[in-house]
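What the coordinates show
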Amino acid sequence: DTAVSQTPKYLVTQMGNDKSIKCEQNLGHDTMYWYKQDSKKFLKIMFSYNNKELIINETVPNRFSPKSPDKAHLNLHINSLELGDSAVYFCASSQERNIQYFGAGTRLSVL
Amino acid sequence: LAKTTQPISMDSYEGQEVNITCSHNNIATNDYITWYQQFPSQGPRFIIQGYKTKVTNEVASLFIPADRKSSTLSLPRVSLSDTAVYYCLVAPNNAGNMLTFGGGTRLMVKP
């Protein structure tokens with residue numbers, strides 16, 4: 001039974017399109033996150049969402065928007081996709097900040 | 001957030017003990033030291049966390065000297081399946097804040 005699940009695992013799309021990545025956690029955690037891992041393998045935090053409080057990394061373009069219908073879900077919506085958005089996106093959740101549980105990742109390719 | 005410095009890569013052989021050291025000279029009083037492991041095509045996985053002295057679990061040991069300006073992750077008797085990237089993080093243990101992952105150490109275990 002997967003603790004943090006993301007869908008889809010792979011996403012290939014054209015520039016300019018809008019896409020969403022879904023994330024669900026069944027751990028009962030209060031905080032969820034989205035990370036971006038680029039081709040150089042650096043893992044960068046994008047958002048943190050805790051009890052309806054959103055903390056945004058200021059370097060994230062406003063084309064990226066997290067949406068949380070409830071505590072167990074944090075989806076990532078991306079508008080007007082660009083080539084530079086190609087990366088692996090990881091969802092994570094935690095109860096204690098430094099112990100985070102990650103999903104398997106969504107590999108996004110923008111053509 | 002305290003900045004961390006760790007070797008870019010390390011090589012080892014099966015059965016050997018591997019020690020990966022992380023420097024964090026400006027660690028704050030309320031910072032914890034946390035290590036994650038990431039296999040190719042997977043999300044990072046929590047390994048171990050400590051504040052001071054020594055912590056041991058079924059996967060690894062974490063050694064932290066009295067001044068806490070560095071820490072060493074020790075993997076006993078590594079196998080090929082321990083080939084991964086290992087990340088050292090230093091931050092307060094408060095939920096909802098955002099972690100910064102550095103470049104990590106790429107460990108290659110050879111037969």
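The structure contained in this document is the topic of the report that follows. Given the structure is predicted, the values throughout are model-derived calculations rather than measurements.

1. Topic: the sheet that holds strand β8 (residues 73-78) of chain A
All names here are of chain A. Read across the open sheet, the four strands follow the order β1-β3-β8-β7; overall the sheet is antiparallel. Two strands in the sheet have a free side with no partner beyond their single neighbour: β1 (4-7) and β7 (64-70). Looking at each pair of strands side by side, their axes are set apart by 20° on average, direction ignored. With five bridges joining them, β7 and β8 adopt antiparallel strand pairing. Looking at β8, one finds that F64 is bridged to I78.

2. Some thoughts on the pairing of strand β9 (residues 87-94) of chain A
Residues and elements named next belong to chain A. Of all eight residues in β9, eight are buried, a share of seventy percent or more. Residues A87, Y89, C91 and S93 line one face of β9 and the alternating positions V88, F90, A92 and S94 line the opposite face, and both faces are buried. Relative to strand β11 (residues 106-110), β9 is paired through three bridges, and the arrangement is antiparallel. The partner of A87 across the bridge, within β11, is L108.

3. Considerations on the state of the cysteines
Residues and elements named next belong to chain A. Under the counting rule described, the total for this entry stands at two disulfides over all chains. There is a disulfide in this structure between C23 and C91, and the S-S distance comes to 1.8 Å. Note on the C23 and C91 pair: the S-S dihedral is about -75°, so by sign convention the disulfide is left-handed. Here C23, found in strand β3 (residues 19-25), pairs with C91, found in strand β9; they are 68 residues apart in sequence, far enough to count as distant.

4. Topic: the packing of aromatic side chains
All names here are of chain A. Summed over all chains, the structure comprises 11 aromatic pairs over all chains. Taking the centre distance of 5.2 Å and the plane angle of 45° together, the rings of Y35 and F102 count as tilted. With a gap of 67 residues between them, Y35 in strand β4 (residues 31-37) and F102 in strand β10 (residues 100-102) connect regions that are remote in the sequence. Its relative accessible area of 0% is what places Y35 among the buried residues.

What counts as what
- Residues numbered from 1 in each chain as written.
- Chains lettered and ligands numbered in written order.
- Predicted model: local features only at pLDDT ≥ 70, side-chain atom pairs only at ≥ 80, totals over all residues.
- Heavy atoms only, no water.
- Pairing = 2+ DSSP bridges.
- Helix = DSSP H or I, 4+ residues; strand = E, 2+ residues; numbered from the N terminus.
- Axes fitted to C-alpha atoms, helices over the stretch in contact; angles between N-to-C directions.
- Buried < 20%, exposed > 50% of the residue type's maximum accessible area, 1.4 Å probe, protein only.
- Disulfide = S-S within 2.5 Å.
- Phe/Tyr/Trp six-rings, centres within 6.5 Å; stacked < 30°, edge-to-face > 60°.

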